[in-house]
Amino acid sequence: QGTLTLLTNERGGIVDDLIVTNTSEDHLYVVSNAGCTDKDLAIMRGRAAELQAAGSDVHLEVSDNALLALQGPSMARVLQAGLPDDLAKLSFMNSITTTVFSVPGCRVTRCGYTGEDGVEISVPAGRAVELAERLLGVPEVWPAGLAARDSLRLEAGLCLYGNDIDETTTPAEAGLLWTLGKRRRAAMDFPGAAIIMAQVKEKPKRKRVGLTSGAGAAGPHSPPRVLTSPGTVTSGCPSPSLGKNIAMGYVEAVHSRAGTALTVEVRKKQHPALITKMPFVPTQYYMAK
């Protein structure tokens with residue numbers, strides 16, 4: 001069983017968002033953002049050293065793996081042809097270690113960054129190209145660039161680290177308090193706990209929200225300003241599924257209610273926008289019956 005979790009700093013900011021799986025092999029399997037590898041490893045190694053000094057039996061291993069994401073409605077049928085395991089028994093955020101199209105030692109996790117049913121395949125780096133080419137040999141499988149992936153994750157209301165969350169953003173502001181379990185809230189034994197839990201009690205002054213607009217796509221490379229109240233857009237693009245522009249960003253909490261009308265500035269032009277609940281497009285995560 002896996003879950004999304006957060007590494008936080010002493011100011012309550014988000015150092016990285018991680019997928020952590022409690023495996024059946026008596027260890028935790030962690031997947032981080034590639035761009036955050038160095039700082040994540042430094043934190044984990046430091047904490048492991050502290051635990052070892054206190055007498056705990058803990059160590060850290062780094063796997064030389066690549067990650068391939070196979071996403072979309074045809075995923076299960078395509079992948080099942082190359083698996084000895086029954087994908088119908090694998091629910092969202094669960095994983096198995098298996099052989100994928102004759103490549104052994106792969107971890108297949110039913111998750112992804114698109115909002116669709118899909119898997120992420122952790123594969124030994126030396127055989128990643130082989131597996132990718134085998135998958136791309138199936139007529140229904142197409143390579144997808146970052147722009148396609150970005151529009152899908154935004155339609156699903158999923159955060160992009162470095163844009164929508166970073167070391168100045170707290171879980172409360174980002175709407176990610178669901179990653180913080182009851183035990184951790186009670187123990188307050190994580191970096192930034194005092195700041196984050198104060199925001200839980202008193203509510204943050206700003207919140208991450210979704211925005212829709214009929215014109216003037218709001219993109220992160222020239223961030224629009226939210227003019228009606230102080231705020232900023234952190235991600236945005238045209239939505240292929242909805243036929244309108246979508247974005248997410250931060251506004252003052254008093255202006256964060258769905259249905260609130262705002263004005264955004266895009267390339268020095270002002271456009272009306274509406275705060276909209278996320279996900280913009282319903283997700284299709286699979287749960288085994």
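Rules of the game
- Note that residues are indexed from 1 along each chain, following the sequence as it is written.
- The predicted origin of the model limits local features to residues at a pLDDT of at least 70 and limits the giving and counting of side-chain atom pairs to 80 or more, whereas totals for whole chains, interfaces and linings rest on all residues.
- With hydrogens and water stripped out, all remaining heavy atoms of the structure feed into the side-chain values.
- Two strands are counted as paired when DSSP detects at least two bridges linking them.
- Runs of H or I in DSSP of at least four residues are treated as helices and runs of E of at least two as strands, each being numbered from the N terminus.
- By salt bridge we mean one thing: a side-chain nitrogen of Lys or Arg within 4 Å of a carboxyl oxygen of Asp or Glu.
- Partly exposed residues are those whose accessible area sits between 20% and 50% of the maximum for their type, while under 20% is buried and over 50% is exposed, using a 1.4 Å probe and protein chains only.
- Buriedness of a pocket was judged along seven lines, with at least five required to meet protein on both sides within 12 Å; pockets are open sets of points on a 1 Å grid over the protein atoms alone, cavities are sets where a 1.4 Å probe fits but cannot get out, and lining residues have an atom within 4 Å of a point.
- Grid points are joined across faces, edges and corners, and a volume is the space filled by probe spheres set on the points.
- By definition in these notes, contact holds between two residues if any of their heavy atoms fall within 4.5 Å.
- Grouping buried Ala, Val, Leu, Ile, Met, Phe, Trp, Tyr and Cys residues that are joined through side-chain atoms within 4.5 Å yields what is termed a nonpolar core.
- Whenever a helix is involved, its axis is fitted only over the stretch in contact; in every case the axis is a line through C-alpha atoms, and angles between N-to-C directions fall within 0 to 180 degrees.

Student: Honestly, the pairing of strand 10 (residues 231–239) in this entry has me stumped. Any pointers?
Tutor: Within a regular strand, the side chains alternate between the two sheet faces. Relative to strand 11 (residues 244–252), strand 10 is paired through eight bridges, and the arrangement is antiparallel. Opposite Cys-237, over in strand 11, you have Ile-246 as the bridge partner. Counted between consecutive antiparallel strands, the loop separating strand 10 from strand 11 contains four residues, among which Gly-243 sits at a positive phi close to 70°.

Student: Looking at this structure, I do not really get the pattern of salt bridges. What am I missing?
Tutor: Two side chains bearing opposite charge may form a pair once their charged atoms approach each other closely. What the rule picks out here adds up to 11 salt bridges. Among the salt bridges present, the one from Arg-47 reaches Glu-50, with a minimum N-O distance of 2.9 Å. Here Glu-50 and Arg-47 lie together in helix 1 (residues 37–53), a separation of three residues that amounts to about one turn. Glu-50 sits in the partly exposed class, given a relative accessible area of 48%. Here Arg-127 ties to Glu-130 by a salt bridge, and the two come within 2.9 Å at their closest N and O atoms. Overall, the relative accessible area of 37% leaves Glu-130 in the partly exposed class.

Student: Honestly, the layout of surface pockets in this entry has me stumped. Any pointers?
Tutor: Approximately 330 Å³ is the volume found for the second largest pocket. Around the second largest pocket sit 16 residues that line it, and Lys-207, Arg-208, Val-209, Ser-256 and Met-278 are the ones nearest its centre. Those elements that provide at least two residues to the lining of the second largest pocket are helix 5 (171–174), strand 8 (206–213) and strand 13 (269–276). The element that contributes the greatest number of residues to the lining of the second largest pocket is strand 8, accounting for four residues.

Student: Looking at this structure, I do not really get the environment of Gly-82. What am I missing?
Tutor: With respect to the helices and strands, the residue Gly-82 is situated in the loop between helix 2 (75–80) and strand 5 (95–100). Between the alpha carbons of Gly-82 and Val-100 there is a distance of 5.5 Å; along the sequence they are 18 residues apart. Those residues in contact with Gly-82 that sit more than four places away from it in its chain are Thr-99, Val-100 and Phe-101.

Student: Mind showing me how you'd approach the nonpolar core here?
Tutor: What tends to happen in soluble globular proteins is that the nonpolar side chains get buried as a cluster. Residues Leu-70, Leu-79, Val-100, Ile-121 and Leu-131 are the most contacted members of the largest nonpolar core, which totals 21 residues. Every element with two or more residues in this core is listed here: strand 4 (65–71), helix 2, strand 6 (103–109), strand 7 (118–124) and helix 3 (128–136). Once you skip the residues sitting within four places of it in the chain, Ile-121 turns out to touch Ala-66, Leu-67, Leu-68, Leu-79, Val-100, Cys-106, Arg-107, Val-108, Leu-131 and Leu-135. Membership of the second largest hydrophobic core comes to 10 residues, among which are Leu-211, Ala-247, Val-251 and Leu-262.

Student: Help me understand the pairing of strand 2 (residues 14–22), please; the structure alone is not making it clear to me.
Tutor: In terms of residue burial, strand 2 counts as a mostly covered element, since eight of its nine residues are buried. As judged from the seven bridges shared by strand 1 (residues 2–8) and strand 2, these two strands associate in the antiparallel manner. Considered in strand 2, the bridge of Leu-6 is made with Asp-17. Counted between consecutive antiparallel strands, the loop separating strand 1 from strand 2 contains five residues, among which Gly-12 sits at a positive phi close to 85°.

Student: How do you make sense of the sheet that holds strand 3 (residues 28–31) when you look at a structure like this?
Tutor: As a general point, the strands of a sheet are linked pairwise by backbone hydrogen bonds and lie either parallel or antiparallel. In spatial order, the strands read 1-2-3; together these three strands make up an open sheet with antiparallel pairing. Pairing within the sheet leaves two strands with one partner each, and these edge strands are strand 1 and strand 3. This sheet shows a mean twist of 35° between the axes of neighbouring strands, independent of strand direction. Helix-sheet contacts for helix 1 involve strand 1, strand 2 and strand 3, and the interaxial angle to strand 2 is about 65°.

None of the figures reported here should be taken as evidence of function without further support.
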